[in-house]
Amino acid sequence: MTDRFDAVVVGAGPAGSAAATVLAQAGRRVALIEKDRFPRAKVCGEFLSADALPLLDRLGAREALEGLRPERIERGSIHPALGRPVAFALPAPALGISRLRLDELLARRACESGARLHFGTRVLSIDRESSGAFWARLAQGSGESEIQAPAAVGAWGRWDSLDRSLERGFLRERGRFFAWSRDFGGDTSALAGQVRLYLFPGGYCGLSRVEGGAVNLAGVVSEKTLRQAGPGWEGVCRHARNTNASLDADLSALEPGPVGFLGTGPVYFTAKPPVEGGILMAGDAAGVLDPFSGEGQAAALASGILAGETIERVLSGALAPAELERTYDRLWKERFGRRFAWSALFRRLMLRPALGALAARLVGERLVRFGIKSIKN
């Protein structure tokens, strides 16, 4: 038997839950498919920029998030492997909130709005008929089922087997990266209200507090450095500490959390086509912004809302179905295209210790302020 919906959303992270919430709030029947079960830990910088707050208001989720008492982050610093650190003030306070709590909260909000959430369910395939309708084949436990919908949102994250089935071009890109994270505890008061970024040869990482005063360490590393650093993520962290004295000093003052390192990959820092096979891509499925920007989660929420609102325009008759793909592609590029160009430019500074140290010495905080402004707009 085939269930029929107005839209199917694959992935219940920030982008997918945002898209599902927008459509469900408009009274649409939405299937939100998530392969994991929440709550679950996720490799992420766990940093919500101030740009995310009006988006949470749009979803009706801000009050619940503030009830979790996220860390309020107002200051930052960049610590090159060579040279002096650069301190800066954030243009507006950001929030530190774990993905363990954020994703669960946003998925719950989608359900409260009326979306039907399928946890522990993998999308085996998603095909489009000549009529334009999508058929998604699902696997849950030992059983399979199908759903049909006239619109689909891909919000499955940085990489999924569905990318391969869609033959997406970014899979042929060179220069892959891998991401990793770990929680720390102990006396974390020295990091209160701050985010600290550390550069090391072949990668970078950051420390910031989340709800409850726990500290999140998250970073990215090039594929080459990952292979050379030694066994596992412990080897990557050891390489980072050995080449950045500030990181080593700050981690020495903390206690490792009970859960070990988490890792994921590959990560392709590039904008991807916003529409593939008629599916509107949102969040990291449409492109991964460099974590140092601090804008990844806000951009995920914004793109999910954009996807949901664009589909709703079609379902309500305000936009012709034939215009859906072209309209979303244009709106996505207008809103996010420049961010990826600036992100790629600043990545070169982040990954080249000597160049980064020179830039810090010559222009310091002015460069940081310019970078924040460029990637936000």
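Residues numbered from 1 in each chain as written. Predicted model: local features only at pLDDT ≥ 70, side-chain atom pairs only at ≥ 80, totals over all residues. Heavy atoms only, no water.

Novice: Would you mind showing me how to read the packing of helix α7 (residues 232-243) against helix α8 (residues 245-252) here?
Specialist: How two helices pack is summed up by the angle between their axes together with the distance between the axes. Closest axis-to-axis distance for the α7/α8 pair is 5 Å, and the angle between their directions is 115°. Across from C237, A240, R241 and T243 in α7, the residues of α8 making contact are A245, L247, D248, L251 and S252. In the contact of α7 with α8, the residues fall into five nonpolar, two polar and two charged. (Axes fitted to C-alpha atoms, helices over the stretch in contact; angles between N-to-C directions. Helix = DSSP H or I, 4+ residues; strand = E, 2+ residues; numbered from the N terminus. Contact = heavy atoms within 4.5 Å. Nonpolar A, V, L, I, M, F, W, Y, C, P; charged D, E, K, R; others polar.)

Novice: Sorry, what's going on with the side chain of Q194 here?
Specialist: Note that Q194 resides in strand β13 (residues 194-200). With relative accessibility at 15%, the residue Q194 sits in the buried group. In this structure the side chain of Q194 is engaged in a polar contact, spanning 3.1 Å, whose partner is the side chain of R196. Among residues more than four places away in sequence, those in contact with Q194 are I73, R75, L207, S208 and R209. (Buried < 20%, exposed > 50% of the residue type's maximum accessible area, 1.4 Å probe, protein only. Polar contact = N/O pair within 3.5 Å; in protein donor to acceptor, adjacent residues only side chain to side chain.)

Novice: Would you explain the pattern of salt bridges in this entry?
Specialist: Considering all chains together, one arrives at 25 salt bridges under this definition. Of the charged contacts, one joins D103 and R40 as a salt bridge, the two residues approaching to 2.7 Å between their closest N and O atoms. Here D103, found in helix α4 (residues 99-113), pairs with R40, found in the loop between β3 (30-33) and β4 (47-48); they are 63 residues apart in sequence, far enough to count as distant. Residue D103 is classed as buried on the basis of its relative accessible area, which comes to 0%. (Salt bridge = Lys/Arg side-chain N within 4 Å of Asp/Glu carboxyl O.)

Novice: Looking at this structure, I do not really get the packing of aromatic side chains. What am I missing?
Specialist: Under the criterion given, the structure shown has five aromatic pairs. With 5.1 Å between their ring centres and 75° between their planes, F170 and Y268 make a pair best called edge-to-face. Taken together, the residues span a long stretch of sequence, with F170 in the loop between α5 (161-165) and β12 (177-185) and Y268 in the loop between β17 (262-267) and β18 (275-276) at a distance of 98 residues. Ring centres of F177 and F269 lie 5.2 Å apart, and the angle between their planes is 55°; this geometry places the pair in the tilted category. Here F177 is found in strand β12, whereas its partner F269 is found in the loop between β17 and β18, with 92 residues between them in sequence. Note on accessibility: F177 and F269 belong to one class, buried. (Phe/Tyr/Trp six-rings, centres within 6.5 Å; stacked < 30°, edge-to-face > 60°.)

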